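# Understanding the architecture of this molecule
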Amino acid sequence: MFYKSTRGKENLVKASEAIVRGIAEDGGLFVPESFPRIEKSFDELKEMNYKELAFYILKKYLDDFSDEELKACIDGAYDEKFENPLIAPLKYAGGAYFLELFHGKTLAFKDMALSILPYLVKTAANKTGIDKDIVILTATSGDTGKAALEGFAKVDGTKIIVFYPKDGVSEIQRRQMVTQEGDNTFVVGIEGNFDDAQNGVKDIFGDDDFNKELEDKGYMLSSANSINIGRLIPQVVYYVYSYVSLLKEGKLKDGQKINVVVPTGNFGNILAAFYAKNMGLPIERFICASNENKVLTDFINTGVYDRNREFVVTNSPSMDILISSNLERFLYEISGKDSEFISNLMSKLKTEGRYEVSEAMKDRLKEFYGDFATEEETVDAIRKVYDSSRYVIDTHTAVAYKVFEKYKNEIKDDAVTVIASTASPFKFPRSVNEALNFEQKEASDFQMVETLSKNFDIKIPKGILNLESKPVIHKATCNKENMRTIIKEFLGL
Ligand SMILES: *Cc1c(COP(=O)(O)O)cnc(C)c1O
């Protein structure tokens, strides 16, 4: 299995090299040369537990890892850190199956991939003979940051630097990050929004002089964002897992097609579902749910991507994004792997903030349904699912549920539907309490967590117990022009 850049100006590389480097030199993203197929029957796969299934899927993509290496990565990642032994359980509520991806340490789906990424990066670095310290640079809309910090903290030979929008994350998210322990971790609040942080990080990856300077000092940059293929591939696993779990429970017939609904920001999670389909998983429709930053809704419906619009801060902050990085990988596939065309689109995005895809590509977009939910609709969806099923969902998952309802009303499709449930309601307790009429304007987010737990009789996850009393370790802030300076300071250069 080889990987190449979406922008075409790069040789084929093995998985381990794509993982250590994070992003290709031409600014493109690494993609598999072709999709491996699921060859075993679903009947056989449904007898596997999460780890076994992860091994089966990952081995197809990371074929330069030995069985022992890959097993060690998987064992290290999917252990008791997850509070549910199934790792990714399904709950039926409100007419759909919620795939709960939030039982890891930081209570969001990012843990699914970021608990294994550090192991993959370390192993890949050894395999490729890299003798430099790997510096993970990460931009976060709130959840990636903490999940990456947890994953990389105290891992020998690595350092991790996280940039988050200073005023654009929830109180719980901020607290989770700034209390992070580990000498190799560094957390910085940026004056700007997530796109500013992400663009800053991407520019640094593409800055040859800066990279050279770091290399001379024994450092090599890599990424924990979903631009890293090592982050994307582990996400394919849970879509296959959800399918075979439903099959095992008799909710599906073998081969029956399902729809998936994904609350989307950077287009990583939904892209993993698209990869799963390309491997042979019977998915009929991808339902792409956005909040009021509905760039993707408009794109799916018109074929025009236009980021020239106001950035809205919403109650689903992890989806407050106007530039969805992983869309590039999708465009590459639906353009028939036309890297020249993709390079063109991406440079238009950079200079004009806008591009339009070809007619043939617009046709491929029909596999997707795109719509969005307002903040009010999001809150309504939380209430509705609770009223009908006594099941509490978070704001991001609620965006997905609302769009699922819009889809059903419009298309009258009653296919079995899996909704990616991307965060625990405990991570966004203020909006969830508000939706369920337990609003306490004066209360802190931590008191809200208590309220939520008491009122709905659900246990507070370990990941946020005692968070309020933990000392704040990271106080640094910077503006977007100073990111390089602050990186050098942290590395002592
Ligand atoms: C990151 C995140 C999303 C968006 O996922 P993408 O892969 O960026 O599309 C949705 N919900 C939550 C809770 C997240 O943390």
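What you see as residue numbers is a count from 1 along each chain, following the sequence as written. Only residues with pLDDT of at least 70 get local features here, since the model is predicted, and only at 80 or more are side-chain atom pairs given and counted; chain-wide, interface and lining totals rely on the full set of residues. To get the side-chain values, take all heavy atoms of the structure and skip hydrogens and water.

We count a stretch as a helix when DSSP gives it H or I for four or more residues in a row; a strand needs E for two or more, and each element gets its number in order from the N terminus. The secondary structure content of the protein chain amounts to 21 helices and 15 strands. Radius of gyration: over C-alpha atoms. The globule rule applied is 2.2 Å multiplied by the number of residues raised to the 0.38 power. For the protein chain, whose C-alpha radius of gyration is 21 Å, the value lies close to the compact-globule estimate of 23 Å for 493 residues. Counting only C-alpha atoms and orienting by the principal axes, one finds that the protein chain spans roughly 60 × 50 × 50 Å. For every residue, the accessible area obtained with a 1.4 Å probe (protein chains only) is divided by the maximum for its type, and the residue is called buried under 20%, exposed over 50%, and partly exposed between those limits. For the protein chain, buried positions account for 63% of its 493 residues. Each accessible area is a Shrake-Rupley estimate made with a 1.4 Å probe; only the visible protein chains count as cover when residues are assessed. As displayed, the protein chain has an accessible area near 18700 Å², and 44% of this comes from carbon and sulfur atoms. We count Lys and Arg on the positive side and Asp and Glu on the negative side, and we leave His and both chain ends out. A single reference atom marks each charge: NZ on Lys, CZ on Arg, CG on Asp, CD on Glu. Here the protein chain holds 64 positive side-chain charges and 77 negative ones, and the gap between their average locations is 2 Å.

Moving on, we come to the side chain of Ser223. Mapped onto the fold, Ser223 is located in strand E8 (residues 219–223). Residue Ser223 is classed as buried on the basis of its relative accessible area of 0%. Two N or O atoms form a polar contact when they lie within 3.5 Å of each other; inside protein one atom must be a possible hydrogen donor and the other a possible acceptor, and for residues adjacent in sequence the pair counts only when both atoms belong to side chains. Looking at Ser223, its side chain comes within polar contact range of the main-chain nitrogen of Asn225, at 2.9 Å. Those residues in contact with Ser223, other than ones at most four positions away along the chain, are Gly22, Leu117, Ile136, Leu137, Phe205 and Asn228. Any pair of residues with heavy atoms lying within 4.5 Å of one another is described as a contacting pair.

Checked against the element boundaries, Met177 lands in helix H8 (residues 171–178). Separated by 35 residues in sequence, Met177 and Gly142 have C-alpha atoms that sit 8.6 Å apart.

Let's shift gears to the pairing of strand E13 (residues 368–372). Most of E13 is tucked away: 4 of the 5 residues are buried. In this analysis, strands are considered paired if DSSP registers two or more bridges between them. As defined by bridge partners, strand E10 (residues 283–290) adjoins E13 across 5 bridges and the pair is classed as parallel. By the bridge assignment for E13, Cys288 is matched with Gly370.

Attention now goes to the site of the ligand. Close to the ligand lie 15 residues, the nearest being Lys110, Asp143, Gly265, Asn266 and Thr422. In the model, an oxygen atom of the ligand is placed 2.6 Å from a nitrogen or oxygen of the Lys110 side chain. Here an oxygen atom of the ligand and a backbone polar atom of Asn269 are 2.9 Å apart. Relative to its free-state accessible area of 390 Å², the ligand is covered by the protein chains to the extent of 97%. Only protein atoms enter the 1 Å grid used here, on which a cavity is any set of points holding a 1.4 Å probe that cannot leave and a pocket is any open set flanked by protein within 12 Å on both sides along at least five of seven lines; residues with an atom within 4 Å of a point are listed as lining. The rule for placing a molecule in a cavity or pocket is simple: more than half of its atoms must lie within 2 Å of the grid points. Spatially, the ligand is embedded in the largest cavity. Each residue gets one of three labels, nonpolar for Ala, Val, Leu, Ile, Met, Phe, Trp, Tyr, Cys and Pro, charged for Asp, Glu, Lys and Arg, and polar for the others, Gly among them. When grouped by side-chain class, the residues that make up the shell around the ligand number 5 nonpolar, 8 polar and 2 charged. If a single non-hydrogen atom of a residue is within 4 Å of a molecule or strand, that residue counts as near it.

Among the residues making up helix H21 (residues 483–491), those that are buried are Met483, Ile486, Ile487, Phe490 and Leu491. Along the long axis of H21, the arc covered by the buried residues comes to 135°, so they all point the same way. A positive phi of about 70° marks Gly492, the residue just after H21. Here the arc refers to the directions that run from the helix axis out to each C-beta atom.

Residues annotated in UniProt with the feature "modified residue: N6-(pyridoxal phosphate)lysine" (unreviewed entry) correspond here to Lys110. Take Lys110: it is sitting in helix H5 (residues 110–114). In contact with Lys110, other than residues within four places in its own chain, are Asp143, Thr144, Ala147 and Arg231. UniProt positions are given in the numbering used here, feature names are shortened, and annotations may be inferred rather than shown by experiment.

Time to look at the UniProt feature "domain: Threonine synthase N-terminal" (unreviewed entry) in the protein chain. Listed under "domain: Threonine synthase N-terminal" (unreviewed entry) in the UniProt record, and renumbered for this structure, are residues 3–78. End C-alpha atoms of residues 3–78 are separated by 26 Å, and the span's content is 45% helix alongside 8% strand.

Strands belonging to one sheet form pairs held by backbone hydrogen bonds; the direction of such a pair is parallel or antiparallel. Taken in spatial order, the 6 strands line up as E3-E4-E14-E9-E10-E13 in an open sheet, and their pairing is mixed. Unpaired on one side and paired on the other, strand E3 (90–93) and E13 mark the two borders of the sheet. In this sheet, neighbouring strand axes are inclined to one another by 25° on average, regardless of whether the strands run parallel or antiparallel. Where strand E9 (residues 258–263) lies against strand E14 (residues 417–421), 3 bridges are found, and the strand directions are parallel. The partner of Val261 across the bridge, within E14, is Ile419. Against the sheet, helix H13 (residues 295–302) touches E10 and E13, its axis set at about 140° to E13. Lines fitted to C-alpha atoms define the axes, with helix axes restricted to the stretch in contact, and inter-axis angles between N-to-C directions lie between 0 and 180 degrees.

To locate leftover empty space, one rolls a probe as large as a water molecule over the atoms. Grid points are joined across faces, edges and corners, and a volume is the space filled by probe spheres set on the points. If you add up the space inside the largest pocket, you get close to 920 Å³. Taken together, 33 residues make up the lining of the largest pocket; nearest its centre are Ile23, Gly27, Lys202, Phe205 and Gly206. The dominant element in the lining of the largest pocket, judged by the number of residues it contributes, is helix H15 (residues 339–352), at 5 residues. Residue composition of the lining of the largest pocket, grouped by class: 13 nonpolar, 9 polar and 11 charged. The computed volume of the second largest pocket comes to approximately 480 Å³.

What follows covers the environment of Val187. Here Val187 shows up in strand E7 (residues 185–191). Overall, the relative accessible area of 1% leaves Val187 in the buried class. Along the primary structure Val187 and Ser444 are separated by 257 residues, whereas in three dimensions their C-alpha atoms are 23 Å apart. Each residue touching Val187, except ones within four places of it in the same chain, is listed here: Leu149, Val162, Tyr164, Met177, Val178, His474 and Ala476.

A word on the environment of Glu468. Along the chain, Glu468 falls in the loop between helix H20 (445–456) and strand E15 (477–479). In this structure Glu468 comes out as partly exposed when scored by relative accessible area, which is 48%. Sequence-wise, Glu468 and Thr179 are 289 residues apart; in three dimensions their C-alpha atoms are separated by 9.4 Å. When sequence neighbours within four positions are dropped, the list of residues in contact with Glu468 reads Arg175, Ser444 and Phe446.

As a further point, take the nonpolar core. Residue types Ala, Val, Leu, Ile, Met, Phe, Trp, Tyr and Cys, when buried and joined through side-chain atoms within 4.5 Å, form a set referred to as a nonpolar core. Counting residues in each nonpolar core, the largest one holds 115 residues, and the members touching the most others are Tyr3, Tyr61, Leu62, Tyr239, Tyr275, Leu331 and Tyr355. Not counting residues up to four positions away in its chain, the partners in contact with Tyr275 are Val31, Pro32, Phe35, Tyr61, Ile229, Leu232, Ile233, Val236 and Arg329. Counting 38 residues, the second largest nonpolar core, distinct from the first, contains Ile393, Ile419, Leu436 and Phe456.

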